[in-house]
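Close look at the chain arrangement
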Amino acid sequence: MAGLFSSFFEWISSLFFSKSAEICIVGLQASGKTSFVNVISNGQWSEDVVPTVSFNLRKVKKGSVVFKIWDVAGQPKFRSMWQRYCAGVDAVVFVVDSHDRAKLETAQFELHSLLQQGSLTGVPLLVLGNKNDLAGHATVDELIQILQLDTIRSRPVSCYSCSMKSRHNLNIVMQWLSERGH
Ligand SMILES: Nc1nc2c(ncn2[C@@H]2O[C@H](COP(=O)(O)OP(=O)(O)OP(=O)(O)O)[C@@H](O)[C@H]2O)c(=O)[nH]1
Ligand SMILES: [Mg+2]
């Protein structure tokens, strides 16, 4: 009963005290960016996701935070667009397929090229090591090392291992993103 009452109270307060956060999601193709947006917006995970062309803009309300989310395509021909959508957002989410170890070096290169852009100065970064439901995925410690996350200065950086399929760690990811709301 107490739980029901507090959920009701949270729902009422979210109607009156909503915050907003603008998020840009980038990363190599097939890392799971669109899957992430699908799972957090309607709970649906699918094996058949159409590769994104250019970008999608979605609005998602979670608790008291309204997220404006740029889901930008990851194929090589679209990567030069990333910086345009990342400029001035409240957080950049960089998604990697932690099971596809052969692509981690390219992910490292693309991440650091993006962060060099002056328009992204100070923007918080969240790195998601997605697909941790697959055996042999890279751990957070491995991702920190291979993606050279410990060399990133002048911005908050966090890294979580997660799975859009099993939803592992999605609560903590959404908590991190909600803290970017204002
Ligand atoms: N096993 C597993 N597969 C996943 C997971 N997340 C996404 N996938 C699959 O990975 C494939 C690519 O997912 P997308 O969400 O389209 O990837 P994307 O990063 O949006 O790709 P682009 O739009 O081309 O940049 C799809 O077949 C998804 O079902 C996960 O957590 N585990
Ligand atoms: Mg996509």
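Quick notes on the rules
- All residue numbers refer to position in the chain's written sequence, counted from 1.
- For naming, the first written chain is A and the first written ligand is 1, with later ones following in the order written.
- For a predicted model such as this one, the threshold for reporting local features is a pLDDT of at least 70, and the threshold for listing and counting side-chain atom pairs is 80 or more; totals across whole chains, interfaces and linings nevertheless cover every residue.
- Hydrogens are left out, water is left out, and the side-chain values use all remaining heavy atoms of the structure.
- Donor atoms are limited to N, O and S found within 2.8 Å of the metal ion, a distance that becomes 3.2 Å for Na, K and Ca. With water left out, some sites might look partial.
- Helix and strand definitions follow DSSP, with helices as H or I runs of at least four residues and strands as E runs of at least two, each counted in order from the N terminus.
- Throughout, exposure labels follow a simple rule: accessible area from a 1.4 Å probe, protein chains only, divided by the maximum for the residue type, with under 20% read as buried, over 50% as exposed, and the rest as partly exposed.
- Should a side-chain nitrogen of Lys or Arg be within 4 Å of a carboxyl oxygen of Asp or Glu, the pair is scored as a salt bridge.
- When DSSP finds at least two bridges between two strands, those strands are taken to pair.
- An axis is simply a line fitted to the C-alpha atoms; with a helix, the fit covers only the stretch in contact. Between two such axes, the angle follows the N-to-C directions and lies from 0 to 180 degrees.
- We call two residues in contact when some of their heavy atoms are within 4.5 Å.
- UniProt positions are given in the numbering used here, feature names are shortened, and annotations may be inferred rather than shown by experiment.
- Detection works on a 1 Å grid of protein atoms alone, calling trapped sets that fit a 1.4 Å probe cavities and calling open sets with protein on both sides within 12 Å along at least five of seven lines pockets, with lining residues defined by an atom within 4 Å of a point.
- Here a polar contact is recorded for every N or O atom pair within 3.5 Å, except that within protein the pair must consist of a potential hydrogen donor and a potential acceptor, and residues adjacent in sequence are included only if both atoms are side-chain atoms.

1. Comments concerning the coordination of the magnesium ion (ligand 2)
The protein atoms donating to the magnesium ion (ligand 2) are Thr-34 (OG1) and Thr-52 (OG1), with metal-donor distances spanning 2.0 Å. Highlighted residues: Thr-34 in helix α2 (residues 33–42) and Thr-52 in the loop between α2 and β2 (55–62), separated in sequence by 18 residues. Each member of the pair, Thr-34 together with Thr-52, is buried.

2. Some details on the pattern of salt bridges
Tallied over the entire structure, the rule returns 4 salt bridges. The closest approach of N and O atoms between Arg-79 and Glu-110, which form a salt bridge, is 3.1 Å. Highlighted residues: Arg-79 in the loop between β3 (65–72) and α3 (82–86) and Glu-110 in helix α4 (residues 104–115), separated in sequence by 31 residues. For Arg-79, a relative accessible area of 13% translates into the label buried. The class of Glu-110 is buried, set by a relative accessible area of 15%. Salt-bridge contacts for Lys-103 lead to Asp-100; the nearest nitrogen and oxygen are separated by 3.0 Å. The class of Lys-103 is partly exposed, set by a relative accessible area of 35%. Relative accessible area serves as the criterion here: at 22%, Asp-100 is assigned to the partly exposed category.

3. A short note on the sheet that holds β2
Spatially, β2-β3-β1-β4-β5-β6 is the arrangement adopted by the 6 strands of the open sheet, whose pairing is mixed. The open sheet has two edge strands, β2 and β6 (157–161), and neither has a second partner. Looking at each pair of strands side by side, their axes are set apart by 20 degrees on average, direction ignored. Relative to strand β5 (residues 125–130), strand β4 (residues 91–97) runs parallel, the two being bridged by 6 bridges. Bridging from a neighbouring strand, Asp-97 pairs with Asn-130 of β5. Along the sheet, α4 makes contact with β1 (19–26), β4 and β5, crossing β4 at roughly 165 degrees.

4. Considering the UniProt feature "binding site: Mg(2+)" (unreviewed entry) in the protein chain
Feature annotation in UniProt places "binding site: Mg(2+)" (unreviewed entry) on Thr-34 and Thr-52, given in this structure's numbering. These annotated residues cover 19 residues of sequence, but their C-alpha atoms sit close together, with the largest distance between any two at 7.5 Å. Restricting the annotated residues to those that line the largest pocket leaves Thr-34 and Thr-52. Ignoring sequence-local partners within four residues, the contact set of Thr-34 consists of Val-49, Thr-52 and Asp-71. Separated by 2.8 Å, the side chains of Thr-52 and Thr-34 make a polar contact.

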